[in-house]
Amino acid sequence: MNSRIYCISDIHNDADSFKQMLSLINFKAEDMLYIVGDVFDRGPKPKELYEEIRKYSNIVCLKGNHDDWLAKYIFERHQRGIKMPYFYNTYVELLKSMNEKELLELTEWIEAMPLYVNVEVDGRQFQLVHAQASSQPEKESKGFFLMDGEGYYDFLRNGIEGVISVVGHYPTMRILKEFSLAVPTKAQIWINDPGNVYVIDCGNGYRKRGEGGRLGCLCLNDYREYYV
């Protein structure tokens, strides 16, 4: 009866901010947290973040493009012997404390992540997905859900009829710039004019760039926003 449904996206290896967010929302065993893609890359503590997430049976991770890239890289390197370096820092950081078996188990965990989840909260229908939602998700390719492809900005402006979409992937500060809207000094969750698309990537992976990036969290019960 008192359970809360939360969404976070684009943590990008930031274990410290993630732990702070769990404390801020007072995350309980009866609650549910959906991480809407991009657990990995850019930040300094991928293994610590991975281990923290795995502690909870009530956290569901959806696949983001960075997660997909990391899983593909680990598989190609360890199963097919490809030695090209990974573009981001995550593999090097993981290799400091994980053996091949553990790395391949991480790959399996990523591969098992769903591309989207449909959730009903208090009679309202939500579709949670990393980049772009769809009225017919069963017909879409993996890339449609993971990247901002054709029709992305139309989706952000108009959403999908009858569904509230919760997405990450593209930092909200950049969306505001694309739409020539006022940009605040601190990133915040962006809501389109019809109120049916919530973009919750608040640029946590870009904190060092001075763009006001931080980790955002949305509660689906009452639309309350949290930031660390």
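To start, this report covers the structure provided alongside it.

How each quantity is defined
- Residues numbered from 1 in each chain as written.
- Predicted model: local features only at pLDDT ≥ 70, side-chain atom pairs only at ≥ 80, totals over all residues.
- Heavy atoms only, no water.
- Phe/Tyr/Trp six-rings, centres within 6.5 Å; stacked < 30°, edge-to-face > 60°.
- Helix = DSSP H or I, 4+ residues; strand = E, 2+ residues; numbered from the N terminus.
- Buried < 20%, exposed > 50% of the residue type's maximum accessible area, 1.4 Å probe, protein only.
- Pairing = 2+ DSSP bridges.
- Axes fitted to C-alpha atoms, helices over the stretch in contact; angles between N-to-C directions.
- 1 Å grid on protein atoms, 1.4 Å probe; cavity = no way out; pocket = protein on both sides within 12 Å on 5 of 7 lines; lining within 4 Å.
- Points joined across faces, edges and corners; volume = space filled by probe spheres on them.
- Nonpolar A, V, L, I, M, F, W, Y, C, P; charged D, E, K, R; others polar.
- Core = buried A, V, L, I, M, F, W, Y, C linked by side-chain atoms within 4.5 Å.

### Quick look at the packing of aromatic side chains
When we look at a pair of aromatic rings, we describe it by the centre distance and by the angle of the planes. Applying the stated rule across the entire model yields 19 aromatic pairs. Residues Phe 40 and Trp 109 carry aromatic rings whose centres are separated by 6.4 Å and whose planes lie at 85° to one another, so their mutual orientation is edge-to-face. Of this pair, Phe 40 sits in the loop between strand E2 (32–36) and helix H2 (46–54) while Trp 109 sits in helix H5 (residues 100–111), and the two are 69 residues apart along the sequence. Here the two residues Phe 40 and Trp 109 agree in accessibility, since each one is buried. Centre to centre, the rings of Tyr 73 and Tyr 91 are 5.1 Å apart; their planes meet at 75°, and the pair counts as edge-to-face. Taken together, the residues Tyr 73 in helix H3 (residues 65–80) and Tyr 91 in helix H4 (residues 90–95) connect sequence positions 18 residues apart. On the accessibility criterion, Tyr 91 (5% relative accessible area) is buried. Among the aromatic residues, ring-to-ring pairing joins Trp 69, Tyr 73, Tyr 86, Phe 87, Tyr 88 and Tyr 91 into one connected group.

### A look at the sheet that holds strand E1 (residues 5–8)
Spatially, 5 strands are ordered E3-E2-E1-E9-E10 in an open sheet, and the strand pairing comes out mixed. Two strands in the sheet have a free side with no partner beyond their single neighbour: strand E3 (59–62) and strand E10 (225–227). Each strand axis lies, on average, 20° off the axis of its neighbour in the sheet, ignoring direction. As paired elements, E2 and E3 share 4 bridges and run parallel to each other. When the bridges of E3 are listed, Val 36 appears paired with Leu 62.

### Considerations on the layout of surface pockets
Any empty space left between atoms is shown by rolling a water-sized probe over those atoms. The computed volume of the largest pocket comes to approximately 250 Å³. What lines the largest pocket is simply His 12, Asp 14, Arg 42, Gly 43, Pro 44, Asn 89, Asn 204, Gly 205, Tyr 206, Arg 207, Lys 208 and Arg 209. Considered class by class, the residues forming the lining of the largest pocket number 2 nonpolar, 5 polar and 5 charged.

### Description of the nonpolar core
Core analysis: the biggest nonpolar cluster contains 37 residues, and Phe 18, Leu 33, Ile 35, Ile 53, Leu 106 and Trp 109 have the highest contact counts within it. Ranked by the residues each element gives to this core, the list is headed by H5, at 5 residues. Core analysis: the next-biggest nonpolar cluster, separate from the first, contains 20 residues, Tyr 34, Ile 189, Ile 200 and Leu 218 among them.

### What about the pairing of strand E5 (residues 124–129)?
Alignment of strand E4 (residues 116–121) against E5, held across 6 bridges, turns out to be antiparallel. Note that in E5 the partner of Val 121 across the bridge is Arg 124. Turn length for the E4-E5 hairpin, with the two strands adjacent in sequence and antiparallel, is 2 residues, and the turn residue Asp 122 shows positive phi of about 50°. Examined bridge by bridge, E5 and strand E6 (residues 164–167) share 3 bridges and lie parallel to one another. Residue pairing for E6: Leu 128 is matched across the bridge by Val 166.

Note that all results are geometric; they support no functional claim without further evidence.
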